[in-house]
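Single-letter residue listing:
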Amino acid sequence: MDEQYDVIVVGAGFGGAACAALLARHGLKTLLLDKNDRPGGKALTMSRAGFSYELWPVAGGPSLNSQFAAVLREIDAEDEVALLTPDPAGVLLYRGASGGYEPLVVSALPQQPNDVANMARWLQLAPADLQELARLFGDMTSMALKDIEALDELAFSEFLSRYRLPRSVYSYFGMWSNILFVVPIDLLAASEAIKTFRDFMAGGAMRYSSGGYGRVAEVLARAVERYGGQVRMGTAVERIAVGNGAVSGVITQTGSFGAPIVVSNAGIQPTVLNLVGEEHFDKGYANHVKGLLPSWALVGIRYFLSRPVFQYAVNIAFSDDSYWDTKRFLRIRAGELPDEAIVFIVVPSLYDPSLAPEGKQCALAATLCSPDPEASDAEVWWNKLDEMVDRLWPDLRPHVEREERYSAAQVSSLARDHVLPGQGGECIGLAQIVGQCGRHKPSARAPILGLYYVGCDAGGYGCGTHQAVDSGAAVARLVLGDHRARQAAF
Ligand SMILES: Cc1cc2nc3c(=O)[nH]c(=O)nc-3n(C[C@H](O)[C@H](O)[C@H](O)COP(=O)(O)OP(=O)(O)OC[C@H]3O[C@@H](n4cnc5c(N)ncnc54)[C@H](O)[C@@H]3O)c2cc1C
């Protein structure tokens, strides 16, 4: 081994970068490696032709009291990036009984007293429906943590069926499950949904960062170096070295690096099946890992616009027909295409004007798709998305200077290796569904001495990047404890 470290973190996604920054901050000699040229993984920010943007729509939640803020505080980097929480931040568009899409303008800050009444008007609720909605919101926000955790095995749709909710409210939560967790409402674990709902009610959602969403990951990676660690971007790890049931380091194209602890942000399945090798694990564990299900994915278009078309930074359009549950997904997979699709658009320069040339906008649009990087239906969804965008923003088309299209294949090549059929392009990581959440989530401590997982597959909860950073903080605590115990023991 060329150089020896206390810990090597493979991958500078939000989970890996947060974990590495905290480990370096607490005195461990840390090496952070990533195959990409910049940190941030699936939510990295890139710059081109005067625009800075993520490769697809990204906005975070909760806005306040987030793990983002907590980790930045712990590594003394609060001044290096601002967490942006504009009011208003976004618009939700719902196609109700009138047949047209009706807007609800929302803030990135926590719920205001009249927000539920506004929502009730927007969703066209009768007074009895409003009472039931208030009962649901009240229950979800006041439940004791142990009661929430008891719902690991209950699907969110089953939990909602305890209330007499009108169709529009159910559709809202169908969209919410698709956009936040990228899974169907009838598989999303109620425990995960309720915890996140509470965080959003208390702290708001649609947070972004000055300089681009990925800036936080860049700050985290810089902190590793500030605390005496090393960062090597553009360095793909080919193997995690294991001998006698313990890790000893990593092997890359440019050299090998030694450490008794390796934390992998590459995803549990690529780590076990590719980087370490199935032969090093108990057969039962390897089979369990193979059976874990990924979240769905998003497919979409980046529109570069010659003049401002969008008024709000976040734009989400849905109807009773456009959110996906398991039944709809299976129908679509069988070739039955829906008329309507969910649309999710983020315009970074409406958060931070420095992210686009003056007078221009970059709009990152997405709709749902399967996580299979080899799927051949991307064209179908790009066309559907174009059709929906033209319907909802009829003045957009003449101002499109350039269009870039992406699919699950690009997500996979950027962030997560395709090691199993149908896996690799997932939006989040492991799906936050019944059987894979709470106490059923894989342990962040792998069954090989010194090997840990960090990111959206283990150790955290919440929505997308927030789950990754939550995991980064939790896994850093776990590793620190194990490191100190081993030092004391030997
Ligand atoms: C289209 C899309 C839209 C999204 N929208 C949102 C949103 O609005 N809000 C939100 O919060 N989240 C969103 N997400 C989800 C969010 O981006 C992810 O859940 C989160 O970024 C995952 O972080 P992570 O740390 O688990 O890993 P990843 O981001 O997957 O990072 C893994 C890192 O490991 C590196 N790596 C992998 N293998 C190797 C190797 N062999 N050697 C070296 N490096 C390696 C990769 O290069 C990557 O940098 C979106 C995702 C997608 C794809």
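Up top is the structure.
This one's a predicted model, so the numbers in the text were calculated from it and none came from an experiment.

Visitor: Would you take a moment to explain the overall build of the protein chain for this structure?
Guide: Broken down by element type, the protein chain carries 15 helices and 20 strands. Scaling as 2.2 N^0.38, a compact globule of 490 residues should have a C-alpha radius of gyration of about 23 Å, and the protein chain matches this with 22 Å. Computed over 43 positive and 55 negative side-chain charges, the separation of the two mean positions in the protein chain equals 2 Å.

Visitor: Help me understand the environment of Leu 104 in this model?
Guide: When you line up the elements, Leu 104 lands in strand 8 (residues 101–106). For Leu 104, a relative accessible area of 14% puts it in the buried group. Separated by 318 residues in sequence, Leu 104 and Gly 422 have C-alpha atoms that sit 36 Å apart. With residues near it in sequence (within four places) discarded, Leu 104 still touches Gly 90, Val 91, Leu 92, Asn 118, Met 119 and Trp 122.

Visitor: Please explain the pairing of strand 15 (residues 297–305) as it appears in this structure.
Guide: Successive side chains on a regular strand alternate, one facing one side of the sheet and the next facing the other. Most of strand 15 is tucked away, with 9 of its 9 residues classed as buried. Burial along strand 15 is two-sided: Ala 297, Val 299, Ile 301, Tyr 303 and Leu 305 and Leu 298, Gly 300, Arg 302 and Phe 304, pointing in opposite directions, are all buried. By the bridge criterion, 9 bridges tie strand 15 to strand 18 (residues 361–369) in an arrangement that is antiparallel. The residue bridging Tyr 303 from the neighbouring strand is Ala 363, located in strand 18. Of the strand pairs in this sheet, strand 15 and strand 19 (residues 400–406) are connected by 6 bridges, and their pairing is antiparallel. Looking across to strand 19, one finds that Gly 300 is bridged to Tyr 406.

Visitor: What am I meant to see in the site of the ligand here?
Guide: Around the ligand there are 34 residues in total, and Gly 15, Asp 34, Lys 42, Ala 59 and Thr 465 lie nearest to it. Note that an oxygen atom of the ligand is positioned 2.8 Å from one of the backbone N or O atoms of Gly 15. A distance of 3.1 Å separates an oxygen atom of the ligand from a polar side-chain atom of Asn 36. Relative to its unbound accessible surface of 1,000 Å², the ligand loses 98% to contact with the protein.

Visitor: How do you make sense of the environment of Trp 382 when you look at a structure like this?
Guide: Within the secondary structure, Trp 382 sits in helix 13 (residues 378–392). When the C-alpha atoms of Trp 382 and Ser 210 are compared, they prove to be 29 Å apart, with 172 residues separating the residues in sequence. Non-local contacts of Trp 382, meaning those with residues more than four positions away in its chain, are made with Val 299, Gly 300, Ile 301, Arg 405, Tyr 406 and Ser 407. At a separation of 3.1 Å, a polar atom in the side chain of Trp 382 contacts the main-chain carbonyl oxygen of Gly 300.

Visitor: Please explain the pattern of salt bridges as it appears in this structure.
Guide: Note on pairing: side chains with opposite charge can pair once their charged atoms come close. Counted by the stated rule, this structure contains 30 salt bridges. Between Glu 80 and Arg 222 there is a salt bridge; the shortest N-O distance is 3.3 Å. Here Arg 222 lies in helix 9 (residues 215–226) and Glu 80 lies in the loop between helix 2 (67–74) and strand 6 (83–84), a separation of 142 residues in the sequence. Members of the salt-bridge network, linked through shared partners, are Glu 379, Asp 386, Asp 390, Arg 397, Glu 403 and Arg 405.

Visitor: I tried to follow helix 12 (residues 326–333) on my own but got confused; where do I start?
Guide: Because an α-helix completes one turn every 3.6 residues, residues spaced three or four positions apart along the sequence face the same direction. Taken residue by residue, helix 12 has Arg 328, Phe 329 and Ile 332 as its buried positions. Relative to the axis of helix 12, the buried residues are bounded by an arc of 100° and lie together on one face. Among the exposed residues of helix 12, those oriented more than 90 degrees off its buried face are Lys 327 and Arg 333. Summarising the contacts, the buried residues of helix 12 are in contact with helix 7 (167–181) and helix 13. At the exit of helix 12 stands Gly 335, carrying a positive phi of roughly 100°.

Visitor: Sorry, what's going on with the packing of aromatic side chains here?
Guide: Any two aromatic rings considered together are summarised by their centre-to-centre distance and by the angle between their planes. Applying the stated criterion across every chain, the model contains 31 aromatic pairs. Taking 5.9 Å as the distance between ring centres and 65° as the angle between the ring planes, the aromatic pair formed by Phe 68 and Tyr 213 counts as edge-to-face. Of this pair, Phe 68 sits in helix 2 while Tyr 213 sits in the loop between strand 9 (208–209) and helix 9, and the two are 145 residues apart along the sequence. Under the relative-accessibility criterion, Phe 68 is labelled buried at 1%.

Visitor: Sorry, what's going on with the sheet that holds strand 12 (residues 246–252) here?
Guide: Strand-to-strand pairing in sheets goes through backbone hydrogen bonds, with the strands running parallel or antiparallel. Across the sheet, which stays open at both edges, the 4 strands sit in the order 1-13-12-11 with mixed pairing between neighbours. Of all the strands in the sheet, the pair left with one neighbour each is strand 1 (3–4) and strand 11 (237–243). Summarising the sheet, strand 11 and strand 12 pair through 6 bridges and their orientation is antiparallel. Each residue of the ladder has a partner; that of Arg 239, found in strand 12, is Ile 251.

Visitor: So what exactly am I meant to see when it comes to the packing of helix 4 (residues 127–142) against helix 8 (residues 190–203) here?
Guide: The relative placement of two packed helices comes down to the angle between their axes together with the axis-to-axis distance. At their nearest, the axes of helix 4 and helix 8 sit 8 Å apart, and the two run at 95° to each other. In terms of orientation, helix 4 lies roughly perpendicular with respect to helix 8. Across from Phe 137, Met 140, Thr 141 and Ser 142 in helix 4, the residues of helix 8 making contact are Ile 194, Phe 197, Arg 198 and Met 201.

Visitor: Looking at this model, I keep getting lost on the side chain of Ser 349. Mind explaining?
Guide: Within the secondary structure, Ser 349 is located in the loop between strand 17 (343–346) and strand 18. A residue is classified by how much of its surface remains accessible, and Ser 349, at 12% relative accessible area, is buried. Leaving out residues up to four positions away in the same chain, Ser 349 has contacts with Leu 355, Ala 356, Lys 360 and Gln 361.

Visitor: For this particular structure, what's the right way to read the nonpolar core?
Guide: Nonpolar side chains tend toward joint burial in soluble globular proteins. One finds Ile 8, Phe 156, Phe 159, Tyr 172, Phe 173 and Val 263 to be the most contacted residues of the largest nonpolar core, which totals 176 residues. Setting aside residues no more than four positions away along its own chain, Phe 156 makes contact with Met 140, Phe 173, Trp 176, Ser 177, Ile 185, Leu 188, Ala 189, Ala 190, Ala 193 and Ile 194. Counting residues in hydrophobic clusters, the runner-up holds 6 residues, among them Phe 51, Tyr 53, Phe 304 and Leu 364.

Visitor: It is not clear to me how the sheet that holds strand 20 (residues 451–453) should be interpreted in this structure. Could you clarify?
Guide: Ordered in space as 10-3-2-14-20, the 5 strands form an open sheet in which the pairing is parallel. Strands with a single pairing partner mark the edges of an open sheet, and in this sheet they are strand 10 (230–232) and strand 20. Put simply, the sheet's adjacent strands are angled 15° from each other on average, direction ignored. In terms of strand pairing, strand 14 (residues 261–264) meets strand 20 through 3 bridges, oriented parallel. If you follow Ser 264 over to strand 20, its bridge partner there is Tyr 453. The sheet strands contacting helix 1 (residues 14–25) are strand 2 (7–10), strand 3 (30–33) and strand 14, and the helix crosses strand 3 at an angle near 165°.

Quick notes on the rules
Residues numbered from 1 in each chain as written. Predicted model: local features only at pLDDT ≥ 70, side-chain atom pairs only at ≥ 80, totals over all residues. Heavy atoms only, no water. Helix = DSSP H or I, 4+ residues; strand = E, 2+ residues; numbered from the N terminus. Rg over C-alpha atoms; globule rule 2.2 N^0.38 Å. Lys, Arg positive; Asp, Glu negative; His and termini not counted. Charge placed at Lys NZ, Arg CZ, Asp CG, Glu CD. Buried < 20%, exposed > 50% of the residue type's maximum accessible area, 1.4 Å probe, protein only. Contact = heavy atoms within 4.5 Å. Pairing = 2+ DSSP bridges. Near = heavy atom within 4 Å. Polar contact = N/O pair within 3.5 Å; in protein donor to acceptor, adjacent residues only side chain to side chain. Areas by Shrake-Rupley, 256 points an atom, 1.4 Å probe, with all protein chains shown as cover. Salt bridge = Lys/Arg side-chain N within 4 Å of Asp/Glu carboxyl O. Arc of directions from axis to C-beta. Phe/Tyr/Trp six-rings, centres within 6.5 Å; stacked < 30°, edge-to-face > 60°. Axes fitted to C-alpha atoms, helices over the stretch in contact; angles between N-to-C directions. Parallel < 35°, antiparallel > 145°, perpendicular 65-115°, else oblique. Core = buried A, V, L, I, M, F, W, Y, C linked by side-chain atoms within 4.5 Å.

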